[in-house]
Amino acid sequence: MPIEKKLLEEKSNILLDCHDWGYIDTKEELDNLITSLSDLGEREKSLKKELLSLRAQINFSFVSRQKSLGIGIKSDDEIKLEKIINETVISESEDSSIEEENADELNDIVIISDEEEEESRPRTRRTKAVLNKRKRLVEEENERRAAKRAKRATKPAQRIAKREAKKKKQREHAEKRRLIEDSKKELELLRTSKTISSCSGWVNSLAINVFGATHYEGRPQPVKKASSKKKKSRR
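Calculation rules
- Residues numbered from 1 in each chain as written.
- Predicted model: local features only at pLDDT ≥ 70, side-chain atom pairs only at ≥ 80, totals over all residues.
- Heavy atoms only, no water.
- Helix = DSSP H or I, 4+ residues; strand = E, 2+ residues; numbered from the N terminus.
- Buried < 20%, exposed > 50% of the residue type's maximum accessible area, 1.4 Å probe, protein only.
- Areas by Shrake-Rupley, 256 points an atom, 1.4 Å probe, with all protein chains shown as cover.
- Bend = angle between axes of the 7 residues up to and from the residue.
- pLDDT = per-residue confidence, 0-100.
- Contact = heavy atoms within 4.5 Å.
- Axes fitted to C-alpha atoms, helices over the stretch in contact; angles between N-to-C directions.
- Parallel < 35°, antiparallel > 145°, perpendicular 65-115°, else oblique.
- Nonpolar A, V, L, I, M, F, W, Y, C, P; charged D, E, K, R; others polar.
- UniProt positions renumbered as here; feature names shortened; annotations may be inferred.
- Core = buried A, V, L, I, M, F, W, Y, C linked by side-chain atoms within 4.5 Å.

Points about the overall build of the protein chain
1) Next: Along the protein chain, the regular secondary structure elements total eight helices and zero strands.
2) Next: Of the regular secondary structure in the protein chain, the N- to C-terminal order runs α-α-α-α-α-α-α-α.
3) Next: Buried positions account for 15% of the 235 residues belonging to the protein chain.
4) Next: Carbon and sulfur atoms make up 54% of the accessible area of the protein chain, which totals about 20,100 Å².

Describing helix α3 (residues 42-69)
Since the α-helix advances by 3.6 residues per turn, residues separated by three or four positions end up pointing in the same direction.
1) Next: Of all the bends in α3, the greatest, near 60°, is centred on L54.
2) Next: Within α3, burial applies to K48, L51, N59, F62 and L69.
3) Next: At the exit of α3 stands G70, carrying a positive phi of roughly 75°.

A look at the confidence of the model for the protein chain
1) Next: Taken over all residues, the pLDDT of the protein chain has a mean of 75, while the share at 70 or more is 71%.
2) Next: Across the protein chain, helix α2 (residues 27-36) holds the top mean pLDDT of 89, while helix α6 (residues 115-120) sits lowest at 49.

Observations concerning the side chain of K48
1) Next: Along the chain, the position of K48 falls in helix α3.
2) Next: Under the relative-accessibility criterion, K48 is labelled buried at 17%.
3) Next: In this structure K48 touches I34, L37 and D39, once residues within four positions along its chain are discounted.

Let's talk about the packing of α2 against α3
1) Next: Interhelical geometry of α2 versus α3 gives an angle of 170° and a closest axis separation of 9 Å. One way to sum up the angle between α2 and α3 is to call them roughly antiparallel. When α2 is examined against α3, the residues K27, L30, D31, L33, I34 and S36 are found in contact with a partner set consisting of E44, K48, L51, L52, R55, I58, N59 and F62.
2) Next: Looking at side-chain class alone, the contact of α2 with α3 contains seven nonpolar, two polar and five charged residues.

Focus: the environment of G70
1) Next: The residue G70 is located in the loop between α3 and α4 (76-87) in this model.
2) Next: Through-space distance from the C-alpha of G70 to that of S198 is 7.3 Å; in sequence the pair is 128 residues apart.

With respect to the UniProt feature "domain: WHIM2" (unreviewed entry) in the protein chain
1) Next: Per the UniProt entry, the sites bearing "domain: WHIM2" (unreviewed entry) are residues 19-52 in this numbering.
2) Next: Taken end to end, residues 19-52 is 62% helix and 0% strand, and its two terminal C-alpha atoms sit 26 Å from one another.

Some words on the environment of W202
1) Next: Inspection of the secondary structure puts W202 in helix α8 (residues 156-211).
2) Next: Sequence spacing of W202 and R65 is 137 residues, and the spatial spacing of their C-alpha atoms is 7.6 Å.
3) Next: Every residue in contact with W202, bar those within four places of it in the chain, is listed here: S61, S64, R65, S68 and L69.

Concerning the nonpolar core
1) Next: One finds L30, I34, L37, L51 and F62 forming the largest nonpolar core, which totals five residues.
2) Next: Going through the elements one at a time, α2 and α3 are the ones with two or more residues in this core.
3) Next: The contact partners of L51, leaving out residues within four places of it in the chain, are L30, L33, I34, L37 and I58.

Written out as structure tokens, the structure is:
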């Protein structure tokens, strides 16, 4: 088949040679495969005819496989974990409030002017005016923050209660995040384990139907029947 036709029909799942392989597991993919086969080629025409005759059986096999593997069917544990993830919501207001409180703590730091840096600069009228203005603003800011701290110090009970409430909020916030992350990891492990277990069960069920035992057990050995003939005793 020309590479252009393969790219057009197979798209991203292109098979370049006999060493590449793929599979289909839905009715739509089977219909697309049948439609893509040409009646002009002998092998494609023969394959198309065979697939059309077995289409109903193949589609039934798809449905049986999905039921056996539990595809699209959620277990009780999956539903429980998804419920935890969906209901444990961290609102934007919680994140913003914690960020604002952390910013308030940083703003409580007193700004100290760098006098040495100011003295090293050239003394002109303009620079003196700028430095004086900056110094005045720094002093006003320091006074405002000092008054704010003094006000807090006069009400220690309220300050302690506010700090404890903040710690509690941060703990709850961290617990919510940890609960969501743990639930997501557990859900992923559960789905992986479910897929592996379902695939093993599917393969072993086919082996039991064909060989009478699973691949791990091997074929059952025939039981030797005890001989009914009695050995003659030598005298």
